[in-house]
Amino acid sequence: MATRPILPEATGQTMLVVPGMHCAGCMGKVEQALGELPGVTGARANLTARSVTVTHASSLDDHALVLALEAAGFEAKPRRELPERHLSAARPLLAPLAVAGFAAMNVMLLSVSVWSGAEGSTRSMFEWISTLIAIPAVIYAGRPFFASAWKAVRRGTTNMDVPISIGVILATGLSFYEVIAGGGHAWFDGALMLLTFLLAGRVLDAMMRDRARAGVDALLGQAARGATVLREGGKLEWLDAAALSPGMTMRVPAGERLAADGTIVTGASRFDQSLLTGESAPVPAQQGDTVLAGTLNLDAPVDVRVSHAGQDTALAEIARLMEASTQDRSKYVRIADRAARLYAPVVHTLAAATVIGWLLAGASLYKALVIGVAVLIITCPCALGLAVPVAQVVASGALMRAGIMVKDGSALERLAATDRALFDKTGTLTMGEALPDPAVLDALPADAAEIALALASHSKHPLSRALARELAARGHKAATLTDVREEAGFGVFAVHDGARVAVRRPESAAGTAVALDISGRPTQLIPCADRLRPDTAAALERLRAMGVTSSIISGDNVGAVRDVARATGLTAQAAATPLDKQQVITSLRHNGAHVLMVGDGLNDGPALATASVSMAPGAASEVGLQASDLVFMQDTLLSVPRAVGAARSTMRIVKQNFALAIAYNLIAVPLAIAGLVTPLIAAAAMSLSSLIVVGNSLRLVRAAK
Amino acid sequence: MTVLAFLIPVALGLGLLGLAAFFWALRNGQFDDPDGSAARILLDEEDEA
């Protein structure tokens with residue numbers, strides 16, 4: 001962190017999202033670039049959240065910070081206020097885990113002394129120390145379980161936390177009574193160990209979810225944008241999207257996305273609406289035409305008078321459609337809670353029957369109660385409570401290493417059941433942007449490629465950017481140019497070794513292409529097209545082998561969809577509106593299908609929210625990223641079958657874990673009912689069953705292969 | 001057995017010390033950026049020396 005003398009001016013703090021920061025070197029460069037800026041007093045990068053917090057003089061605005069980072073080679077966007085649910089899920093569980101762990105270890109130590117034969121006053125002192133440690137610890141560390149159980153009970157349902165809470169509270173209460181009465185059965189160690197194991201499982205689960213969310217949030221932060229607003233008197237000012245209001249005039253350079261709906265007042269250009277409608281062909285618009293927020297200005301700078309900004313844009317209808325379907329999905333009951341619904345009544349009936357049985361057999365009320373509690377503790381769902389989260393943590397970790405983020409805890413469960421997949425076309429089956437033909441690029445002579453790279457790197461036009469990226473990826477270096485000048489909407493012109501060179505729009509506009517001029521040589525035409533993602537055929541074949549029927553549903557025109565349908569061999573529906581997509585999924589689901597929707601655009605938002613489970617590529621629109629359960633970062637479409645495969649392995653392991661837990665209960669419960677279980681046996685049995693379940697779940701480490 | 005009167009408070013005290021240290025670290029934001037903390041050791045910060 002670079003430090004500077006503190007300036008007398010007022011200071012402000014800004015948080016910027018820097019998605020491209022992924023190593024120590026990047027972190028250093030980001031902090032240095034910002035620290036060197038006059039007015040900046042401090043910059044601290046957070047690698048986990050891919051963000052940097054800057055303390056600076058209030059005279060410095062966000063845009064200057066973004067420009068400084070851009071000069072250092074990092075794309076950055078100011079971070080918007082994120083809703084509260086994005087706060088870390090793991091943080092609030094860390095303190096209870098620490099307390100439970102501390103208390104469990106100390107109480108266990110004292111219990112071991114008791115088991116190994118401490119007698120008389122020593123024993124009673126040990127038990128009292130255990131009590132003093134355990135009761136506050138159980139109250140503090142058990143709160144996450146008690147709160148969740150209480151919420152379920154109040155709604156008249158039950159979840160996994162109900163039997164856990166009942167077991168822990170009864171065990172603690174009975175142990176307290178035993179210590180006062182001088183009996184011999186203090187179960188504090190068992191109750192605390194149970195809490196420690198379960199909290200550890202939940203912390204791991206929450207950490208994994210936090211990391212996935214941080215990755216997606218970094219992408220979302222990047223999507224937050226603003227516009228350069230033309231003020232009276234010709235002054236230009238950068239405003240955040242939230243600060244735009246109707247009546248303002250924005251100047252939108254080529255290669256930038258619109259931050260609000262509006263009407264063009266000067267200029268003409270073509271706009272890429274693929275995120276909005278799925279339409280892949282650019283739409284021309286000129287003075288007086290309406291353009292929509294989220295579309296990409298392709299050719300020339302235009303001035304746009306804002307008509308709707310923020311929440312009033314054309315996306316409002318899509319947002320409304322999505323709201324309704326998200327509620328529908330929250331009705332899904334997770335497998336652990338379904339298991340608890342069967343498990344809790346059985347265990348509680350069994351414990352009650354044991355108490356009554358012993359009473360009928362002539363035991364004292366006290367003895368019957370002790371045995372009843374032993375049944376509850378020995379069946380305490382330690383293994384059951386770990387069965388699902390541990391398997392999901394290991395599988396999510398494996399998927400994350402393969403570039404697939406699991407955003408939602410129940411997503412793997414829903415994904416495993418998938419038997420029908422619907423794919424959006426533009427941006428999902430295809431890359432979603434026009435890319436230069438690789439065969440033509442490979443055939444370019446090296447010197448021509450170097451000139452083209454140099455020219456393309458001077459322009460922000462999407463085609464230039466793609467061209468520069470592809471050429472650089474082929475190992476070409478940029479040639480030296482002089483007199484570089486970009487003519488918006490036409491191309492980049494320059495001089496190389498005395499020869500006039502240019503990368504420009506071709507005269508005849510048959511499809512999308514770039515023309516490369518080098519004086520003295522014939523013009524080289526580089527055709528550009530939106531290509532299928534790599535491995536599309538292999539991915540669809542693997543899905544078919546898994547018993548998943550795939551088809552295409554796209555908002556694009558019939559011709560474009562037909563080409564892709566032919567290339568992939570899938571059936572397709574073209575020109576589908578967001579409502580059409582939603583209705584298709586609803587009717588499929590009514591017929592009992594478990595639908596996986598894979599899509600990226602704003603127009604896929606309602607469909608993504610309606611489907612049983614949904615996936616989006618990392619380049620998806622903000623709405624797509626938010627509505628989907630899983631996000632895949634790599635280009636390859638193989639991520640989809642990989643995720644489905646991993647989800648199915650996870651459910652297989654979860655079911656095995658349940659079977660193991662039940663097998664353990666079949667042995668332990670009869671012993672408990674017979675009154676043969678001591679606190680020592682309970683502690684050993686509980687640890688053993690938990691270790692077996694964890695060990696079995698670790699087999700998922702390679703699930704994402 | 002008088003040694004117990006000495007050893008048990010010591011054992012508990014050490015445990016509590018560890019717990020207090022953990023809470024201190026939690027409050028001081030040491031768990032805010034685990035990836036960054038791991039990478040930060042690789043940075044040369046000569047200008048700050």
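Cut-offs used in this document
- Residues numbered from 1 in each chain as written.
- Chains lettered and ligands numbered in written order.
- Predicted model: local features only at pLDDT ≥ 70, side-chain atom pairs only at ≥ 80, totals over all residues.
- Helix = DSSP H or I, 4+ residues; strand = E, 2+ residues; numbered from the N terminus.
- Buried ≥ 20, exposed ≤ 12 C-beta atoms within 10 Å, placed from the backbone.
- Contact = placed C-beta atoms within 7 Å.
- UniProt positions renumbered as here; feature names shortened; annotations may be inferred.
- pLDDT = per-residue confidence, 0-100.
- Domains from an automatic or database assignment.
- Nonpolar A, V, L, I, M, F, W, Y, C, P; charged D, E, K, R; others polar.
- Pairing = 2+ DSSP bridges.
- Axes fitted to C-alpha atoms, helices over the stretch in contact; angles between N-to-C directions.
- Arc of directions from axis to C-beta.
- Core = buried A, V, L, I, M, F, W, Y, C linked by C-beta atoms within 7 Å.
- Parallel < 35°, antiparallel > 145°, perpendicular 65-115°, else oblique.
- Left-handed = near helix turned anticlockwise from the far one by under 90°.
- Expected span 1.5 Å × (residues − 1).
- Bend = angle between axes of the 7 residues up to and from the residue.

*Asks:* Where do I start with the overall build of chain B in this structure?
*Replies:* In terms of regular secondary structure, chain B is built from two helices and zero strands. With 49 residues in all, chain B has 2% of them scored as buried.

*Asks:* Whenever I open this one, the overall build of chain A confuses me. Can you help?
*Replies:* Scanning chain A from terminus to terminus reveals 24 helices and 26 strands. Out of the 705 residues in chain A, the part that is buried amounts to 48%. At a minimum sequence separation of 6, the contacts of chain A that also span at least 24 residues come to 71%.

*Asks:* Which parts of the structure should I look at to understand the UniProt feature "transmembrane region" (unreviewed entry) in chain A?
*Replies:* UniProt annotation of "transmembrane region" (unreviewed entry) refers to residues 93–116, 128–150, 162–180, 186–204, 342–363, 369–395, 658–677 and 683–701 of chain A when read in the numbering used here. Structurally, residues 128–150 of chain A comprises 96% helix and 0% strand, and the distance from its first C-alpha atom to its last is 30 Å.

*Asks:* Would you mind showing me how to read the confidence of the model for chain A here?
*Replies:* Low pLDDT marks regions whose predicted coordinates should not be analysed in detail. All names here are of chain A. Across chain A, the average pLDDT comes to 81, with 91% of residues at 70 or higher. When pLDDT is averaged over each helix and strand of chain A, the minimum, 63, is found for helix α9 (residues 316–329) and the maximum, 91, for strand β24 (residues 595–598). Between residues 1–8, whose pLDDT stays under 50, and residues either more than four places distant or in other chains, the model counts 19 contacts.

*Asks:* Sorry, what's going on with the domain arrangement of chain A here?
*Replies:* Interface size is commonly expressed as the accessible area that is lost once the parts come together. Residues and elements named next belong to chain A. Partitioning chain A into domains gives domain 1 (1–79), domain 2 (99–214 + 331–392 + 664–702), domain 3 (228–314), domain 4 (402–431 + 533–647) and domain 5 (433–531). The C-alpha-based centres of domain 3 and domain 5 are spaced at 27 Å. Counting residues at the interface gives ten residues for domain 3, matched by six residues for domain 5. Within the side of domain 3 that touches domain 5, the residues separate by chemical class into six nonpolar, three polar and one charged.

*Asks:* Honestly, the sheet that holds strand β19 (residues 499–504) of chain A in this entry has me stumped. Any pointers?
*Replies:* The pairing of strands in a sheet comes from backbone hydrogen bonds and takes either a parallel or an antiparallel form. All names here are of chain A. What the six strands build is an open sheet, ordered β16-β21-β20-β19-β18-β17; its pairing is antiparallel. Either end of the sheet is taken by a strand with one partner, and the two such strands are β16 (430–436) and β17 (482–487). Taking the axes of each pair of neighbouring strands and ignoring which way they run, one obtains an average angle of 15° across the sheet. As judged from the six bridges shared by strand β18 (residues 491–496) and β19, these two strands associate in the antiparallel manner.

*Asks:* Where do I start with helix α2 (residues 62–71) of chain A in this structure?
*Replies:* An α-helical turn contains 3.6 residues, so any two residues separated by three or four positions project in the same direction. Residue and element names in this part refer to chain A. The complete set of buried residues in α2 reads Asp62, Leu65, Val66, Ala68 and Leu69. Looking straight down α2, one finds its buried side chains confined to an arc of 160°; they lie on one side. Away from its buried face, by an angle of more than 90 degrees, α2 presents the exposed residues Glu70 and Ala71. Buried-residue contacts for α2 involve β1 (11–17), α1 (24–35), β3 (51–57) and β4 (77–78).

*Asks:* Which parts of the structure should I look at to understand the interface of chain B and chain A?
*Replies:* Taken together, the contact between chain B and chain A spans 20 residues of the former and 21 residues of the latter. Looking at which element gives the most residues to the side of chain B that touches chain A, the answer is helix α1 (residues 2–27) of chain B, with seven residues. Taken together, the residues that form the side of chain B that touches chain A break down as twelve nonpolar, two polar and six charged.

*Asks:* Mind showing me how you'd approach the pairing of strand β8 (residues 261–266) of chain A here?
*Replies:* Side-chain direction in a regular strand flips from residue to residue, so the side chains alternate between the two faces of the sheet. Residues and elements named next belong to chain A. Where β8 lies against strand β13 (residues 302–308), five bridges are found, and the strand directions are antiparallel. Note that in β13 the partner of aspartate 261 across the bridge is histidine 308. Pairing analysis gives two bridges linking β8 to strand β11 (residues 290–291), with the strands arranged antiparallel. Paired with threonine 263 across the strands is threonine 290, a residue of β11.

*Asks:* Looking at this model, I keep getting lost on the environment of alanine 214 of chain A. Mind explaining?
*Replies:* All names here are of chain A. Looking at the secondary structure, you find alanine 214 in helix α7 (residues 188–223). Exposure remark for alanine 214: the 19 C-beta atoms within 10 Å place this residue in the partly exposed category. The spatial distance from the C-alpha of alanine 214 to the C-alpha of methionine 405 is 9.8 Å, given a sequence separation of 191 residues. Not counting residues up to four positions away in its chain, the partners in contact with alanine 214 are Thr48, Ala49 and Arg50.

*Asks:* Any chance you could explain the nonpolar core here in plain terms?
*Replies:* As a rule of thumb, nonpolar side chains are buried together in soluble globular proteins. Residues and elements named next belong to chain A. Membership of the largest hydrophobic core comes to 139 residues, with the highest contact counts inside it found for Ala100, Ala103, Leu192, Leu195, Ile378 and Ala643. In terms of residue count, the dominant contributor to this core is α7 (15 residues). Formed by 23 residues, the second largest nonpolar core is a distinct cluster that contains Leu444, Ala468, Ala494 and Val514.

*Asks:* Would you explain the UniProt feature "transmembrane region" (unreviewed entry) in chain B in this entry?
*Replies:* Per the UniProt record, "transmembrane region" (unreviewed entry) is annotated on residues 6–26 of chain B. Span residues 6–26 of chain B is 100% helix and 0% strand, its end C-alpha atoms 31 Å apart.

*Asks:* Would you mind going over the sheet that holds strand β9 (residues 269–272) of chain A with me for this structure?
*Replies:* With respect to topology, three strands assemble into an open sheet ordered β10-β9-β12 (chain A), the strand pairing being antiparallel. Across the chains shown, the open sheet's two edge strands, defined by having one partner strand only, are β10 (283–285) and β12 (296–297) of chain A.

*Asks:* Honestly, the packing of helix α3 (residues 91–115) of chain A against helix α4 (residues 120–141) of chain A in this entry has me stumped. Any pointers?
*Replies:* Axis angle and axis distance: for two packed helices, these are the angle between their axes and the distance between the axes, and together they describe the pair. All names here are of chain A. Here α3 crosses α4 at 160°, and the two axes come no closer than 9 Å. As the angle between them shows, α3 and α4 are arranged roughly antiparallel. Seen along the crossing, α3 lies across α4 with a hand that is left-handed. Within the contact between the two elements, α3 uses Pro96, Val99, Ala100, Ala103, Asn106, Val107, Leu110, Ser111, Ser113 and Val114 and α4 uses Arg123, Phe126, Glu127, Ile129, Ser130, Ile133, Ala134, Ala137, Tyr140 and Ala141.

*Asks:* Help me understand the environment of alanine 243 of chain A in this model?
*Replies:* Residue and element names in this part refer to chain A. By secondary structure assignment, the location of alanine 243 is in the loop between β6 (236–240) and β7 (249–252). Given 15 C-beta atoms within 10 Å, alanine 243 falls into the partly exposed group. With 66 residues separating them along the chain, alanine 243 and alanine 309 place their C-alpha atoms 8.6 Å apart.

*Asks:* Looking at this structure, how should I read unusual backbone geometry?
*Replies:* Backbone geometry follows two general trends: most residues other than glycine have a negative phi, and most peptide bonds adopt the trans configuration. All names here are of chain A. Within the chain, aspartate 497 stands out as a residue other than glycine whose phi angle is a positive 50°. Locating aspartate 497 in the fold gives a position in the loop between β18 and β19. Notably, aspartate 535 is not glycine yet its phi reads approximately 65°, a positive angle. With respect to the helices and strands, the residue aspartate 535 is situated in the loop between β21 (524–532) and α18 (536–545). C-beta crowding within 10 Å serves as the criterion here: with 17 such atoms nearby, aspartate 535 is assigned to the partly exposed category.

*Asks:* Would you mind showing me how to read the UniProt feature "domain: HMA" (unreviewed entry) in chain A here?
*Replies:* Listed under "domain: HMA" (unreviewed entry) in the UniProt record, and renumbered for this structure, are residues 12–77 of chain A. With 33% helix and 32% strand, residues 12–77 of chain A has its two end C-alpha atoms placed 17 Å apart.

*Asks:* Mind showing me how you'd approach helix α10 (residues 335–360) of chain A here?
*Replies:* All names here are of chain A. A rise of 1.5 Å per residue sets the reference length of α10, with its 26 residues, at 38 Å; its end C-alpha atoms lie 37 Å apart and thus fit the reference within 8%. At tyrosine 343, α10 shows its largest kink, close to 30°, and the proline proline 345 lies no more than four residues downstream. For α10, the set of buried residues is Ala336, Ala339, Ala340, Tyr343, Val347, Ala351, Thr354, Val355 and Trp358. Here the buried face of α10 lies against α6 (161–181), α11 (365–378), α12 (382–401) and α23 (639–673). Just downstream of α10 lies glycine 362, where phi reads positive at about 100°.

*Asks:* Whenever I open this one, the pairing of β6 of chain A confuses me. Can you help?
*Replies:* Residues and elements named next belong to chain A. Of the pairings in the sheet, the one linking strand β5 (residues 226–230) to β6 comprises five bridges and is antiparallel in character. Of the residues in β6, the one forming a bridge with alanine 227 is leucine 239. Connecting β5 to the antiparallel partner β6 that follows it, the hairpin turn spans five residues, and glycine 233 within it adopts a positive phi of roughly 85°.

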